[in-house]
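Fold and contact review
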Amino acid sequence: MATPSTPIDLSLALVMDPATAGQWLAILPMGLCLGTGALLMMIRHRITWHPPVALAGLALLVLVDVLLLSKVLADGPLTMMMGRWRPPFGIAITVDLTGALLALAAAIVAFAAALYAEVDIDNSGRRYGFYPLLMVLMAGVSGAFLTGDIFNLYVWFEVLLISSFGLLILGSEREQIDGALKYAVLNLIATTLFLIAVGYLYAIFGTLNMADIALKAPELSGSAPLMTLSALFVFAFSMKAAAFPVNFWLPASYHTPRVVVSALFAGLLTKVGVYALLRVMVMLLPIEREALSLVIAIVAALTMILGAMGALAQTDIRRFMGYIVIAGIGNMMAGIAIGGEAAIGAAIFYALHSILLMTALYLVVGEAARIGGSFSLAKLAGLWTSAPAFAALSLALFFAASGLPPFSGFWPKALLVKASLDIGAWWLAGAVLLSGFLCTIGFGRLFLLAYWRPALATGPEATVAASGQGTFVPPPPVPRTSLWRSAPILLLSVFVVWFGLFPDPLIVVSQQAAAGLSNPAAYILSVFPEKAAP
């Protein structure tokens, strides 16, 4: 007679409670992006359907991220365990305020970029898969912001890198291939270092769940293995964020693809690296961040100053914007170096501002080149006369990027300067101000040459006018700007102006997000509710 088997208690291994609607909401951004990308591949021969399908998917993504942010603001961090496996063995999707804010900002700029792509991406680009690659890119970006597992963060990095390689070489031009090679080699090195650091982390902690690591890290804080691990993470993520001295890949590659692709990259990819630094060094390894704070601060100062100086040396406005992106990364890293809720909140504010602004600036660059006929400052002129409304909007965005009031770039820089002075780091505050001053000079130079300088006639008319034997003949009229070109720039500019005029709500929510990173008790309880006090 067979001996009856011992009943298996599945509750020891699996989450037995059904997932709530809010928990399903946590994984919906990735599922929506991947599902839309798959649908676009199924209709790959009907390229006229791609724009409306992608726009509908991205509009839904914005809506989902708004609902997700509202849920987190109301109830705190939420967690969905994939496959129902209990933590720390299952992969956790854990959404806190920092992740929800950045995911929403990313969705907004992706929607704006998709609008602009209607006129920037031709039928050839659609056949090569621009829209499916865009959706996969957004799946990777959303997953990186929302995951609660550090190896899963690596996986989402790979997803967004694969799609970014495809977007970078869209068109298969020689310059694009050259830029893609530099981009790929440096990012693959950074990814390899990240993977090595993840393996080292698992060897130390025996877990990859971020909440579990945050629980265990205080027991080993200050030890040699964690310092080595932290240095690896800082180096890998600094390379992905394009911080000095491993930032040369960015200006060598961001000027090569289509304008809308450059805009997406400038707004999103480097911010994922900054986010990873925030998540790992502030939430998981705060003692090691403190020990490395001087190194990070020096890197931040050099990044923001050399980025601004690099911008001053450029004659191609796309390369100019690439160095402006680098200068902004230095400001965010300064907040990480300083630490504390005020500085971390300023870094989060700056990241949100930069995601929206840098995307808008690259779209402005594309429009300036279309109107003026070139990306070269030597050839651009007269944009103020030929497109006054566009010139005024450009000037507002230039002020925001320089950190001048009353636009969004002023407030995070002011908060960073105050936080620097509060800890006696006057030299770091000086670096923030000097970088802003140099960026202001750079944008002033760009505006004076490309917008304010009078345009001269070319060809036979210019020769006649110069000889004094005829009247000056102006250049031909500028082609009319379509709604597809103006709407995305206006959409992003509204946020830039709004956050500049009414910064209090964003400052408050950024400080709340920083508090959640500095004290991850609520984050941990969302993953391990059984650890709540009785």
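Focus: the nonpolar core
Counting 195 residues, the largest nonpolar core has Phe-130, Ile-150, Phe-194, Phe-233 and Tyr-451 as the members making the most contacts within it. Here the element with the most residues in this core is helix H11 (residues 259–284); it accounts for 20 residues. Here Phe-233 is in contact with Ile-150, Phe-194, Ala-197, Val-198, Leu-201, Leu-277, Val-280, Met-281 and Leu-285, once residues within four sequence places are set aside.

Overview of the packing of aromatic side chains
All chains considered together, the criterion is met by 22 aromatic pairs. An aromatic cluster is built from Phe-320, Trp-384, Phe-390, Phe-398, Phe-443, Phe-447, Tyr-451 and Trp-452, whose rings are joined through pairwise contacts. Stacked on the ring of Trp-49, the Lys or Arg Arg-46 has its end atom at 4.9 Å from the ring centre. Positioned over the ring face of Phe-375 is Arg-318, at 3.9 Å from the centre of the ring.

Points about the pairing of strand S2 (residues 92–95)
Alternating residues of S2 divide into Ala-92 and Thr-94 and Ile-93 and Val-95, and every residue in both groups is buried. Strand direction decides the pairing type here: strand S1 (residues 78–81) and S2, joined by 4 bridges, are antiparallel. Paired with Thr-79 across the two strands is Thr-94, which belongs to S2.

A few points about the confidence of the model for the chain
Residues at a pLDDT of 70 or more form 90% of the chain, whose mean pLDDT is 86. Below pLDDT 50 for its whole length, residues 459–473 participates in 11 contacts with residues either more than four positions away or in separate chains.

Things to note about the pattern of salt bridges
Between side chains of opposite charge, pairing is possible as soon as their charged atoms come close. Inspection of every chain in the model, using the stated rule, returns 9 salt bridges. Measuring nitrogen to oxygen at the nearest pair gives 2.7 Å for the salt bridge that ties Arg-279 to Asp-96. Linking Arg-279 in helix H11 with Asp-96 in the loop between S2 and helix H3 (97–120), this pair joins segments that are 183 residues apart in sequence. By relative accessible area, Arg-279 is classed as buried at 1%. Since its relative accessible area comes to 5%, Asp-96 is described here as buried.

Re the packing of H3 against helix H22 (residues 504–518)
Axis angle and axis distance: for two packed helices, these are the angle between their axes and the distance between the axes, and together they describe the pair. Orientation of H3 relative to H22, taken along the N-to-C sense of each, is 135°, at an axis distance of 8 Å. Considering the angle they form, H3 stands oblique to H22. Where H3 approaches H22, its residues Leu-97, Thr-98 and Leu-101 are matched on the opposing element by Val-509, Gln-512, Ala-513 and Leu-517. Looking at the contact of H3 with H22, its residues break down into 5 nonpolar, 2 polar and no charged.

Here we look at unusual backbone geometry
Leaving glycine aside, a negative phi is the common case for residues, and trans is the common case for peptide bonds. Omega for the peptide link from Phe-244 to Pro-245 comes to 5°, which places this bond in the cis form. Residue placement: Pro-245 occurs in the loop between helix H9 (224–241) and helix H10 (249–253). Cis geometry marks the peptide bond from Pro-405 to Pro-406; its omega dihedral reads 5°. For Pro-406, the location among the structural elements is in the loop between helix H17 (388–402) and helix H18 (410–422). In this model, Ala-242 sits at a positive phi of 65°, which is unusual for a non-glycine residue. Summarising the element assignment, Ala-242 is placed in the loop between H9 and H10.

Here we look at the side chain of Thr-36
Tracing the chain through its elements places Thr-36 in helix H1 (residues 21–42). What Thr-36 contacts, discounting residues up to four positions off in sequence, is Val-53, Gly-57 and Met-135.

A few points about the environment of Ala-112
Along the chain, Ala-112 turns up in helix H3. Take Ala-112: its relative accessible area is 0%, and that puts it in the buried class. Discounting chain neighbours no more than four positions away, the residues touching Ala-112 are Pro-488, Leu-491 and Leu-492.

Quick look at empty space enclosed by the protein
All told, the structure shown has 4 cavities of 30 Å³ or more when counted by the stated rule. Of the voids in this model, the largest cavity is the one considered here, and its volume is about 80 Å³. Along its surface, the largest cavity is lined by 13 residues, and Ile-324, Gly-328, Tyr-350, Met-358 and Ala-401 are the ones closest to its centre. Here the lining of the largest cavity gets 5 residues from one element, more than from any other, and that element is helix H15 (residues 340–372). Split into classes, the residues belonging to the lining of the largest cavity amount to 7 nonpolar, 5 polar and 1 charged. Around the second largest cavity, the lining residues are Phe-157, Leu-160, Leu-161, Tyr-183, Asn-187, Lys-240, Trp-249, Leu-269 and Thr-270. Elements that contribute at least two residues to the lining of the second largest cavity include exactly helix H6 (150–168), helix H7 (174–205) and H11. Ranked by residue count, the leading element in the lining of the second largest cavity is H6, at 3 residues. Its residues assigned to classes, the lining of the second largest cavity comprises 6 nonpolar, 2 polar and 1 charged.

What counts, and where the lines are drawn
- Within each chain, residue numbers correspond to sequence positions counted from 1 in written order.
- Side-chain atom pairs in this predicted model are given and counted only at pLDDT of 80 or more, local residue features only at pLDDT of at least 70, and totals for whole chains, interfaces and linings cover all residues.
- In computing side-chain properties, one takes all heavy atoms of the structure into account and sets aside hydrogens as well as water.
- Nonpolar cores are built from buried Ala, Val, Leu, Ile, Met, Phe, Trp, Tyr and Cys residues. Side-chain atoms within 4.5 Å join them into one set.
- For the exposure calls, accessible area comes from a 1.4 Å probe over protein chains only, and a residue counts as buried if that area is under 20% of its type's maximum, exposed if over 50%, partly exposed in between.
- For the purposes of this entry, the term helix denotes a DSSP run of H or I that reaches at least four residues, the term strand denotes a run of E that reaches at least two, and both are numbered from the N terminus.
- Contacts are assigned to residue pairs with any non-hydrogen atoms lying within 4.5 Å of each other.
- Whether two aromatic rings pair depends on their centres lying within 6.5 Å, for rings of Phe, Tyr and Trp, where Trp uses its six-membered ring; planes under 30 degrees apart make the pair stacked, over 60 edge-to-face, and the rest tilted.
- Sitting over a ring, as applied to charges here, requires NZ of Lys or CZ of Arg to be within 6 Å of the ring centre and within 35 degrees of the ring normal.
- Two strands make a pair as long as DSSP finds a minimum of two bridges between them.
- The predictor attaches a confidence to each residue, called pLDDT, with possible values from 0 through 100.
- Here, a salt bridge means any Lys or Arg side-chain nitrogen found within 4 Å of an Asp or Glu carboxyl oxygen.
- Lines are fitted to the C-alpha atoms to define the axes, a helix being fitted only along its stretch in contact, and any angle between axes, read from their N-to-C directions, falls within 0 to 180 degrees.
- An angle below 35 degrees is treated as roughly parallel, one above 145 as roughly antiparallel, one from 65 to 115 as roughly perpendicular, and anything else as oblique.
- All amino acids are sorted into three groups, where Ala, Val, Leu, Ile, Met, Phe, Trp, Tyr, Cys and Pro are nonpolar, Asp, Glu, Lys and Arg are charged, and the leftover types, Gly among them, are polar.
- Site definitions follow a grid-based scheme: protein atoms alone, a 1 Å grid, a 1.4 Å probe that fits but cannot get out for cavities, and for pockets an open set with protein on both sides within 12 Å along at least five of seven lines, plus lining residues having an atom within 4 Å of a point.
- Grid points are joined across faces, edges and corners, and a volume is the space filled by probe spheres set on the points.

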